[in-house]
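A closer look at the structure
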Amino acid sequence: MYWQDALRLTGSALLSRPLRSLLTLLGVAIGIAAVALLTAIGEGLRDYVQDNFAQFGTRNVSVRPGLTQTAGLGGLLGSVRPLSIADADALRRLPHVEAVVPIIQGHGDVQYGRLDRRIGILGSGHQMAQAWRFRLALGEFLPEPRDGRSPPYVVLGHTLREELFGAANPLGQMVRVGGMRFRVIGVMEEKGRLLGFDIDDIAYIPVDWAENLFNRSGLAKINVVFNGGTTALALSEQIRRLLIERHGDEDFSLTTQDDMLRSLDRILAILSLAIGALGGISLLVGAVGILTIMTTTVGERAAEIGLLRAIGATPRQVLGLFLGEALLLSVLGGVLGLLLMALLLVVLHLLLPGLPLALQPLFLLLALLLAALIGVFAGIAPARRAARLQPVEALRCE
């Protein structure tokens, strides 16, 4: 038997019952589309978050007050010494440190004339723009404190400037932030949304003024940026020794950017596993569908199998015919699934243009390979049954 004849026989068998073949294809197509689509969304989310982290640089260590692990009543009742601006100044003197950014966050009203907006307020140090790679559209960023006290200056985000001043130049104007008067010294370039937050609608004030504004006794965190002369692990150890010396105990937590990315990867891996399990259920349904249809087909075509054997077809050739039919069903289902995924991607892009998606050609090839494997595993049992039929017994089924 020539391979062209085998392919023609396989194709005619599928086309003879188009509705049944289409329903079988859909079982595989839905599973492949679900796995491929959700994988594209997962990879897109990973790339999106990594790109957002990269905007802040790749060499960062964050210090937060309090240990991440506590045990017993001692952890519940024990007091934690807050991080202070003096701690940030001490960290700035460590070798290989390029910038230190003390941070206090909150919300409050910003007023200019009769205009009033409730926005996010970020108290930070004078090195924040340098450390986080933020650029200014007008003016300059917060200056270094003089005589231990920062001047009452504020830097406006792009959206905040437009809402309060429109096209007018805001530099030198007085605004009220949380009831305190500040002079506008700069305006940030438009940055957009970052990890779901609109960082253009923020007012940046000196961190010591933010302590008074929010009645805080310490910092929310300290961000340390270092150069290539050291590693995150080595710098973390230096920070740990310095703060233990200052506090008398390890009452703080250190997190490197690598730690955050690893945590993100773990979360996305669990999410991908759950998504894969859901897609796997659809694929399992498709495999059961192929197994059922092929088993039924063997019974319906017993006389055809007997005729093929009577004119000289070997059991291996019969096995190949039915296995090829199952394989063709699953591969066509995989192709239909990828087309369905492309349609869903277009719909998602129209409905949710901001949703990050990342299509990987390798994943598409693996999806087709997975579909082929499903066809082989689901079709091997019916194909072996067909190959074992005796010609005389099969012809009696006519």
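Conventions used here
- Residues numbered from 1 in each chain as written.
- Predicted model: local features only at pLDDT ≥ 70, side-chain atom pairs only at ≥ 80, totals over all residues.
- Heavy atoms only, no water.
- Helix = DSSP H or I, 4+ residues; strand = E, 2+ residues; numbered from the N terminus.
- Buried < 20%, exposed > 50% of the residue type's maximum accessible area, 1.4 Å probe, protein only.
- Contact = heavy atoms within 4.5 Å.
- Areas by Shrake-Rupley, 256 points an atom, 1.4 Å probe, with all protein chains shown as cover.
- Pairing = 2+ DSSP bridges.
- pLDDT = per-residue confidence, 0-100.
- Phe/Tyr/Trp six-rings, centres within 6.5 Å; stacked < 30°, edge-to-face > 60°.
- Lys NZ or Arg CZ within 6 Å of the ring centre and 35° of its normal.
- Axes fitted to C-alpha atoms, helices over the stretch in contact; angles between N-to-C directions.
- Parallel < 35°, antiparallel > 145°, perpendicular 65-115°, else oblique.
- Left-handed = near helix turned anticlockwise from the far one by under 90°.
- Nonpolar A, V, L, I, M, F, W, Y, C, P; charged D, E, K, R; others polar.
- Salt bridge = Lys/Arg side-chain N within 4 Å of Asp/Glu carboxyl O.

1. Observations concerning the overall build of the chain
- Of the regular secondary structure elements, the chain holds 13 helices and 12 strands.
- The buried share of the chain, reckoned over its 398 residues, is 42%.
- When contacts within the chain are restricted to residue pairs at least 6 apart in sequence, long-range pairs at least 24 apart make up 79% of them.
- Total accessible area computed for the chain in this model is approximately 21200 Å², and 60% of it derives from carbon and sulfur atoms.

2. Some points on the environment of Met180
- Positionally, Met180 belongs in strand 7 (residues 180-188).
- Taking the relative accessible area as the measure of exposure, Met180 reaches 23% and is therefore partly exposed.
- Put simply, Met180 and Pro152 are 28 residues apart on the chain and 8.8 Å apart in space, counted from C-alpha to C-alpha.
- With residues near it in sequence (within four places) discarded, Met180 still touches Val175, Trp209, Asn212 and Leu213.

3. Concerning the side chain of Gln127
- Tracing the backbone shows Gln127 in the loop between strand 3 (115-124) and helix 5 (128-132).
- With sequence-adjacent residues up to four places away left out, Gln127 is seen in contact with Arg92, Glu98, Ala99, Val100 and Val101.

4. Details of the pairing of strand 5 (residues 153-156)
- Strand direction decides the pairing type here: strand 5 and strand 7, joined by four bridges, are parallel. Considered in strand 7, the bridge of Tyr153 is made with Arg183.
- Where strand 5 and strand 10 (residues 202-206) come together, two bridges link them in antiparallel fashion. Among the inter-strand pairings, Val155 is bridged to a residue of strand 10, identified as Tyr204.

5. Considering the confidence of the model for the chain
- Per-residue confidence for the chain averages 79 on the pLDDT scale, and 80% of its residues sit at or above 70.
- Ranking the helices and strands of the chain by mean pLDDT puts strand 5 first, with 95, and helix 3 (residues 72-77) last, with 42.
- Predicted confidence for residues 70-78 stays below pLDDT 50, and this span has two contacts to residues more than four positions away or in other chains.

6. Some words on the environment of Leu136
- Take Leu136: it is sitting in strand 4 (residues 136-139).
- When the C-alpha positions of Leu136 and Glu190 are compared, they lie 8.8 Å apart, and in sequence the two are 54 residues distant.
- In this view, Leu136 contacts Phe141, Val155, Gly186, Val187, Met188 and Glu189; residues no more than four positions away in its chain are not counted.

7. Considering the packing of aromatic side chains
- Considering all chains together, one arrives at four aromatic pairs under this definition.
- Arranged with centres 6.0 Å apart and planes meeting at 65°, the rings of Trp132 and Phe134 form a pair that is edge-to-face.
- For Trp132, a relative accessible area of 9% corresponds to the buried category.
- We note Arg149 situated over the ring of Trp209; from NZ or CZ to the ring centre the distance is 4.4 Å.

8. Some words on the packing of helix 4 (residues 85-92) against helix 8 (residues 232-247)
- Here helix 4 crosses helix 8 at 140°, and the two axes come no closer than 11 Å. With respect to helix 8, the axis of helix 4 lies oblique. Every pair of crossing elements has a handedness; the one defined by helix 4 and helix 8 is right-handed. Mapping the contact onto sequence places Ala86, Asp87, Ala90 and Leu91 in helix 4 and Ile239, Leu242, Leu243, Arg246 and His247 in helix 8.
- Looking at the contact of helix 4 with helix 8 residue by residue, the classes come out as six nonpolar, one polar and two charged.

9. Some thoughts on the pattern of salt bridges
- In total, this model carries nine salt bridges according to the counting rule given.
- Salt-bridge contacts for Arg246 lead to Asp87; the nearest nitrogen and oxygen are separated by 2.6 Å. Of this pair, Arg246 sits in helix 8 while Asp87 is found in helix 4, placing the two residues 159 residues apart along the sequence.
- Under the relative-accessibility criterion, Asp87 is labelled buried at 0%.
- Arg149 is the partner of Asp208 in a salt bridge, and the nearest nitrogen-oxygen pair spans 3.8 Å. You can see Asp208 sitting in helix 7 (residues 207-213) and its partner Arg149 sitting in the loop between strand 4 and strand 5, a full 59 residues away along the chain.

10. Brief notes about the environment of Leu284
- Among the secondary structure elements, Leu284 is positioned in helix 9 (residues 257-300).
- With a relative accessible area of 56%, Leu284 lands in the exposed category.
- Distance in space between the C-alpha atoms of Leu284 and Gly31 is 8.2 Å, their sequence separation being 253 residues.

11. Overview of the pairing of strand 12 (residues 252-256)
- The buried fraction of strand 12 is high, at four of five residues.
- Relative to strand 12, strand 1 (residues 60-65) is paired through five bridges, and the arrangement is antiparallel. Looking at strand 12, one finds that Ser62 is bridged to Thr255.

12. Looking at unusual backbone geometry
- One non-glycine residue, Arg133, adopts positive backbone phi at about 60°.
- Structurally, Arg133 can be placed in the loop between helix 5 and strand 4.
- Despite not being glycine, Asn215 has its phi angle at roughly 55°, a positive value.
- Tracing the chain through its elements places Asn215 in the loop between helix 7 and strand 11 (221-226).
- Residue Asn215 is classed as exposed on the basis of its relative accessible area, which comes to 70%.

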